[in-house]
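# Geometric and topological summary
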Amino acid sequence: MEISTIGVVGCGIMGSGIAQISAQAGYEVFLSEINEDTLEKGISSIENSLAKLVEKGRIKPDEKLGAMSRIKGVIDINEFAVCNLIIEAATEKIDLKRSIFNDLDKICPQQTILATNTSSVSVIDVANATNRLERVLGMHFFNPVPVMKLLEVVKTVATSDDTIKTAVAFGKSVGKTVIIAKNTPAFIVNRLAVPFILSAIRMLESGVATKEDIDTGVTLGLNHPMGPLTLADFIGLDTLYYLARGAYEDTGDPIWIPPILLKDMVSAGWFGCKTGRGFYIYK
Ligand code: 3HC
């Protein structure tokens, strides 16, 4: 299927990143938010990100203008009727995602592909809010989207091969290397990374080492760009907690049990970088 117009639901960190790379790759992009304020913030974050690329000489000023001209911010999701592929990047709440998918299913032609960027919700549980199970899949991007080279495509029991083929082609066209996972808790990357981060939190909790030494051990000993506690703050402690709790509920595997320290920090409203406090303090 030919893709020319993309819809992105939600212009937080992930949605604005997905909109940016899609517009840079030449797609027309509809970007939606629930109110003008949030929409404006998302669009100006894309403009700033592109301006940095111009400053560094990575793109020409007219490429920035071209990309920005291809992004149309909307509040009314009915405008998504012209999109061939819609990627939902709203808050990680299953009821919200199901309601968005149900609306999109009514608005969009039957051939439109609907994808969720979820990291913690089962894709089939979102898909079954629609009447197009074969054209619903997961497209899991990584933060920061313009920098991270990976796209994880998630296939449910009902996703058609054609849908996967189109999503893989789209991922490559926006510069990503694509891997394909079955719709299982945490897919491929988070299934490896999250238990690792949870172990680091347990290690801190039980006093094995300081947070700085745990992070230094991993950055210098394993050559990761960020230590696991810094990465936890970067991902968002709330996101991490809900992801771990959901995977534990689905599998019963104790590796997913969220450490009490993580639970308490989330209850305190310390979500990491986005709230200014997590394992570390941020200005
Ligand atoms: N948007 C666009 N570009 C960004 C950016 C952002 N938010 N943050 C950093 N960059 C760019 C910088 O401009 C710089 O570009 P340049 O090389 O062209 O000058 C480059 O990335 C490196 O940035 P910095 O020099 O400022 O800092 P670092 O070298 O520390 O890199 C980082 C920052 C890319 C974020 C790096 O620390 C990193 O890769 N960290 C790990 C990120 C990661 O693991 N992400 C996945 C999280 S898990 C996830 O998203 C899945 C979800 O389901 C939980």
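The following refers to the structure shown. In this text the structure is predicted, and so the values were computed from the model without any measurement.

## Describing the site of the ligand
In the neighbourhood of the ligand, 15 residues make up the surrounding shell, with Lys-56, Arg-58, Ser-119, His-140 and Asn-143 lying closest. A distance of 2.8 Å is found between a nitrogen atom of the ligand and a backbone nitrogen or oxygen belonging to Asn-143. The side chain of Asn-190 places a nitrogen or oxygen atom 3.1 Å from an oxygen atom of the ligand. For the ligand, whose free accessible area comes to 1,000 Å², the fraction covered by protein is 57%. For the shell around the ligand, the element with the most residues is helix α9 (residues 228–235), which contributes three residues. Looking at the shell around the ligand residue by residue, the classes come out as nine nonpolar, four polar and two charged.

## Observations concerning helix α6 (residues 161–173)
In a regular helix each residue adds 1.5 Å, so 13 residues correspond to 18 Å; α6 covers 18 Å between its end C-alpha atoms and thus fits that length. Those residues of α6 that sit buried are Thr-163, Ile-164, Thr-166, Ala-167, Val-168, Phe-170 and Gly-171. Looking one or two residues past α6, Gly-175 carries a phi angle of roughly 90 degrees, positive in sign.

## A short note on the pairing of strand β1 (residues 5–9)
Counting buried positions over the five residues of β1 gives five, a clear majority of the element. The alternating pattern of β1 places Thr-5, Gly-7 and Val-9 on one face and Ile-6 and Val-8 on the opposite face, and all of these are buried. Bridge analysis of β1 against strand β2 (residues 28–32) gives five bridges, and the strand direction is parallel. Its bridge partner being in β2, Ile-6 is matched across the sheet by Val-29. A crossover links β1 with its parallel partner β2, the connecting element being helix α1 (residues 13–24), and its sense is right-handed. Summarising the sheet, β1 and strand β4 (residues 85–88) pair through four bridges and their orientation is parallel. Its bridge partner lying in β4, Gly-7 is registered against Ile-86.

Conventions and cut-offs
- Residues numbered from 1 in each chain as written.
- Predicted model: local features only at pLDDT ≥ 70, side-chain atom pairs only at ≥ 80, totals over all residues.
- Heavy atoms only, no water.
- Near = heavy atom within 4 Å.
- Polar contact = N/O pair within 3.5 Å; in protein donor to acceptor, adjacent residues only side chain to side chain.
- Areas by Shrake-Rupley, 256 points an atom, 1.4 Å probe, with all protein chains shown as cover.
- Helix = DSSP H or I, 4+ residues; strand = E, 2+ residues; numbered from the N terminus.
- Nonpolar A, V, L, I, M, F, W, Y, C, P; charged D, E, K, R; others polar.
- Expected span 1.5 Å × (residues − 1).
- Buried < 20%, exposed > 50% of the residue type's maximum accessible area, 1.4 Å probe, protein only.
- Pairing = 2+ DSSP bridges.
- Right-handed = clockwise from strand over helix to strand, strands pointing away.

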